[in-house]
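Residue-level listing of the chains:
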Amino acid sequence: MSTILFELGCEELPPKSLKPLRDALQASVTEQLNEAEISFDSIKAFAAPRRLALQIQGISDKQPDRSEQKRGPAIKAAFDAEGNPTRAAMGFAKGLGIEASELITINTDKGDYVGYEQVIHGQATTELLAAIFQTALDNLPIAKRMRSGASRNEFVRPVQWAVLMQDSTVIDATIQGHQTGTQTRGHHFHSPNYHEIAHANDYEELLGGLKVVADFDKRQMLIKNQVKALADEVNADAIVPQDLLDEVTALVDFPIALRASFEPRFLQVPQEALISTMQADQKYFCLTDKAGKLQPYFIFITNIESKDPNQIIEGNEKVVRPRLADAEFFFLQDQKQPLFALTESLKTRVFQDKLGTIWEKSERIAKLAAFIAALMQQQGQQIDIDETVRAGILSKADLASSLVGEYPELQGIAGTYYARLNNEPEAVAESLEEQYLPKFSGDVLPQTPIGICLALADRLDTLVGIFAIDQAPTGSKDPFSLRRSAIGILRILIEKQLPINLVALVEQAIKGYSDAEGSKIEKMGDTFTQVMAFLNSRYRAMYTEQGVSVDTIQAVQAINPHMPLDFDQRIRAVQAFSELSQASMLADSNKRVANILAKSEVSVADTVDEALLSESAEQDLYASVLQAQTAVKPLLEQADYTQILQTLASLDEPLTQFFDNVMVNSEDAALKNNRLALLKQVRALFLTVADISELQL
């Protein structure tokens, strides 16, 4: 057992790709070693700005030997009557380079054959490693590869050196066009020369002395700890998004955190704009107080151990000041006119060629949001319809602002700031930011009633409009993020406990495209059908992500509920039903009932003639059905689907006895039709919740 060290030294690797490259390299090498049956104790990946490396400990020296059996012709064809090998046997032996006398008999189910069992000796690990590492490098997820000089070898960045060694010995190979050796390089500034690696186990310690923390995770932890310590000194919390943390970790070999400051006057600017520019442009970690309000400090990570850190701090403060001043300028410039005035320019800004301007979209959002607000009012929620209309009209106004023009990610956020400065009602101001929620899977939902109305109206309007012009999402393209919008609609209606019918919402959204001059939607019926089908198809994606089984989703979709909240309640009821001991039997019985009714050549009656129930088993089932119908009626009015299925579980035994003792397809047509009517009532009871026959239990 020994230790293998592989290192590829490059010019600075792309920081956003470093961690994925590290993980992909380790995964590929691990998979190849396993396929080659080369055992090892552990494998550790390293990644720093100028290197990718792997250290494999406890690796076996060679592949294990293995036996391979070669099968030749059948015994009958291999030997003649005297037991001498035939030409077939001798030809088979010659092909293997052996004598016919060395052949063995192989017994199989299909007869006996001649054969030969040979031992294939495993290759030395060192003979395989170069190809394994090169294959791993070739398969890395690199969007665009480059060549260096006249070299034909391509990689994400020009390669400068390669290390491949077993313990203290170099493994002679060529990787990415570079001859392997035992020399690495340290920190770009503090230790730029080549240094000999005495032993593969010394790698991490050696680089540490050369001002390189090669372990990505250790380097990241150092950054987090330093940032927290500096934030604590000013009683603040650091904003440390994982993506930014990964990027900063990939930019430095030897991280040193420093805290700088900026003029407090910039804090009048929306803090989201300041945070955005400091994070995106400068890779700074911003600081807030315990209430989340931005403080006039930021922390940055330097890659140099400076004798005079103040110079570096002052340099960063000089760099960030103009960027904050730009944000301040845009913010002040926008305030020269009220937010509503910005809507004027929306009248010439196109939302989509066939669907009109952004202003027209704002008008549609206002009308649809008011419709939703009226529905919420009917359900007892406190919401002002006039304020909802006002919010809809202002919903896209900040798209014309200078601040959003410079920082597109502030759409909605900027509108909320400007609405408050203009003394708009707080409910209106809050909703302008909330209209874009949820922004991604698992994101928070809008909290205010008007915010909920805007979020629903905006998504529904876009969904209907894009389907109307035949630009529905394809398997690979969804430029308007309609899938995400659809799931956002479903989540809001379900998680905010809004018993609102999708049919009403989609119909109203389609009406919104009509005015005195006609409608922008030519095929309203087709658009309605397509949008409803699309929304219903999103249930599967949403619930499977929550761990709900596909058959449970299909059981509810089979009855096509149009109210998302109702759909969710049915899903939860079916999940609970699936845990019952009777569930499997009832699911099978429902399949049987569904098949019998589907094969019926006559129309099945809705009522049962009690006088025709001649068998005790069908009489018992009918009595149980009547009892269940009585029990289910009030539960159905309360939409207590879980309790309905719990109640219907009592039909398990009567149904089993019915199928065991009653012939449904009786020669007597009256008896047959009456029994079909009884089964139809059984089926109808379960269909009040879901199609249980879809369950695979």
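Residues numbered from 1 in each chain as written. Predicted model: local features only at pLDDT ≥ 70, side-chain atom pairs only at ≥ 80, totals over all residues. Heavy atoms only, no water.

Enquirer: Sorry if this is basic, but what is going on with the overall build of the chain here?
Expert: Along the backbone of the chain there are 26 helices and 22 strands. Its C-alpha radius of gyration of 36 Å places the chain more than 25% over the 26 Å reference for a compact globule of 697 residues. For the chain, the spread of C-alpha atoms along the principal axes amounts to about 110 × 95 × 50 Å. Every one of the 697 residues in the chain was classed for burial, and the buried ones make up 48%. By sequence separation, contacts in the chain at least 24 residues apart represent 69% of the contacts at least 6 residues apart. Summed over its atoms, the accessible surface of the chain is roughly 33200 Å², and 48% of this surface lies on carbon and sulfur atoms. Averaged over its 66 positive side-chain charges, the chain has a centre that lies 5 Å from the centre of its 95 negative ones. (Helix = DSSP H or I, 4+ residues; strand = E, 2+ residues; numbered from the N terminus. Rg over C-alpha atoms; globule rule 2.2 N^0.38 Å. Buried < 20%, exposed > 50% of the residue type's maximum accessible area, 1.4 Å probe, protein only. Contact = heavy atoms within 4.5 Å. Areas by Shrake-Rupley, 256 points an atom, 1.4 Å probe, with all protein chains shown as cover. Lys, Arg positive; Asp, Glu negative; His and termini not counted. Charge placed at Lys NZ, Arg CZ, Asp CG, Glu CD.)

Enquirer: What am I meant to see in the sheet that holds strand β16 (residues 256–261) here?
Expert: The strands that make up a sheet pair up through hydrogen bonds in the backbone, lying either parallel or antiparallel. Taken in spatial order, the four strands of this open sheet run β15-β17-β18-β16, and their pairing is antiparallel. Looking at which strands have only one partner, the edges of the open sheet turn out to be β15 (237–238) and β16. Two strands pair when backbone bridges link them, and β15 and strand β17 (residues 285–288) are joined in this way by two bridges, in the antiparallel orientation. Across the sheet, alanine 238 pairs through a bridge with leucine 287, a residue of β17. Strands β17 and β18 (294–302) of the sheet are contacted by helix α8 (residues 271–282), whose axis makes an angle of about 5° with β18. (Pairing = 2+ DSSP bridges. Axes fitted to C-alpha atoms, helices over the stretch in contact; angles between N-to-C directions.)

Enquirer: I'm lost on the pattern of salt bridges in this one. Help?
Expert: One side chain can pair with another of opposite charge once the charged atoms of both are near each other. All told, the structure shown has 30 salt bridges when counted by the stated rule. Here lysine 283 ties to glutamate 247 by a salt bridge, and the two come within 3.1 Å at their closest N and O atoms. Taken together, the residues lysine 283 in the loop between α8 and β17 and glutamate 247 in helix α7 (residues 242–251) connect sequence positions 36 residues apart. Linking aspartate 461 and lysine 361 is a salt bridge whose minimum nitrogen-to-oxygen distance equals 2.7 Å. Here the residue aspartate 461 occupies a position in helix α16 (residues 449–468), and lysine 361 occupies one in helix α11 (residues 358–378), the gap between them amounting to 100 residues. With a relative accessible area of 2%, aspartate 461 lands in the buried category. Each of Lys361, Arg364, Lys396, Asp458 and Asp461 takes part in salt bridges that share partners, so that together they form one network. (Salt bridge = Lys/Arg side-chain N within 4 Å of Asp/Glu carboxyl O.)

Enquirer: Sorry if this is basic, but what is going on with the nonpolar core here?
Expert: As a rule of thumb, soluble globular proteins bury nonpolar side chains together. Grouped together as the largest cluster of nonpolar side chains are 139 residues, with contacts concentrated most on Met278, Ile372, Leu403, Leu502, Tyr543, Leu645 and Leu648. Of all hydrophobic cores here, the second largest spans 38 residues; its members include Leu8, Leu25, Ala136 and Ile171. (Core = buried A, V, L, I, M, F, W, Y, C linked by side-chain atoms within 4.5 Å.)

Enquirer: What is the right way to read the sheet that holds strand β6 (residues 111–120) from this model?
Expert: One open sheet holds the three strands; their spatial order is β4-β6-β5, and the pairing between them is antiparallel. For this open sheet the edge positions go to β4 (66–74) and β5 (104–108), each flanked by a neighbour on one side alone. Shown here is a sheet whose adjacent strand axes are inclined to one another by a mean of 45°, direction ignored. Pairing of β5 with β6 involves five bridges; the strand directions are antiparallel. From the neighbouring strand, asparagine 107 faces β6, where its bridge partner is aspartate 112. Seen against the sheet, helix α3 (residues 87–96) touches β4 and β6 and runs at an angle of roughly 155° to β4.

Enquirer: Hey, could you run me through the packing of aromatic side chains in this one?
Expert: We describe a pair of aromatic rings using the distance from one ring centre to the other and the angle between the two ring planes. As enumerated under the stated definition, the model contains 13 aromatic pairs in all. Relative to tyrosine 203, the ring of phenylalanine 46 lies with its centre 5.2 Å away and its plane at 70°, an arrangement referred to as edge-to-face. Highlighted residues: phenylalanine 46 in strand β2 (residues 42–48) and tyrosine 203 in helix α5 (residues 203–209), separated in sequence by 157 residues. Neither phenylalanine 46 nor tyrosine 203 differs from the other in exposure class; each is buried. With centroids separated by 3.6 Å and ring planes inclined at 0°, the aromatic side chains of tyrosine 539 and phenylalanine 567 adopt a geometry described as stacked. Remark: phenylalanine 567 occurs in helix α21 (residues 564–578) and tyrosine 539 occurs in helix α19 (residues 524–545); sequence separation between them is 28 residues. (Phe/Tyr/Trp six-rings, centres within 6.5 Å; stacked < 30°, edge-to-face > 60°.)

Enquirer: I'm lost on helix α24 (residues 641–648) in this one. Help?
Expert: Quick reminder: α-helices carry 3.6 residues per turn. Residues three or four places apart thus point the same way. Taken as a whole, α24 has its buried residues at Tyr641, Ile644, Leu645, Thr647 and Leu648. All buried residues of α24 lie within an arc of 155° about the axis, which places them on one face of the element. Contacts made by the buried residues of α24 are with α21, α22 (583–598), α23 (616–637), α25 (652–661) and α26 (669–687). (Arc of directions from axis to C-beta.)

Enquirer: How should helix α18 (residues 502–511) be read in this particular structure?
Expert: Residues of α18 that are buried: Leu502, Val503, Leu505, Val506, Ala509 and Ile510. Each buried residue of α18 sits inside an arc of 165° when the element is viewed along its axis, so together they form one side. Looking at the packing, one finds that the buried side of α18 touches α11, α16, α17 (482–495), β21 (514–515), α19 and α21. N-capping of α18 is provided by asparagine 501, with a side-chain oxygen placed 2.8 Å from the backbone N of valine 503. (Polar contact = N/O pair within 3.5 Å; in protein donor to acceptor, adjacent residues only side chain to side chain.)

Enquirer: For this particular structure, what's the right way to read the environment of serine 2?
Expert: Take serine 2: it is sitting in strand β1 (residues 2–10). On the basis of relative accessible area, serine 2 is assigned to the buried category, the value being 5%. Through-space distance from the C-alpha of serine 2 to that of aspartate 308 is 45 Å; in sequence the pair is 306 residues apart. Among residues more than four places away in sequence, those in contact with serine 2 are Ile56, Gln57, Gly58, Ile59, Asp61, Gln166 and Asp167. A distance of 3.0 Å separates a polar atom in the side chain of serine 2 from a polar atom in the side chain of glutamine 166.

Enquirer: Where do I start with the environment of isoleucine 521 in this structure?
Expert: Relative to the assigned elements, isoleucine 521 resides in the loop between β22 (518–519) and α19. For the pair isoleucine 521 and valine 464, spaced 57 residues apart in sequence, the C-alpha separation works out to 9.0 Å. Dropping the residues within four chain positions of it, isoleucine 521 is found in contact with Val464, Ala468, Ile510, Tyr513 and Thr527.

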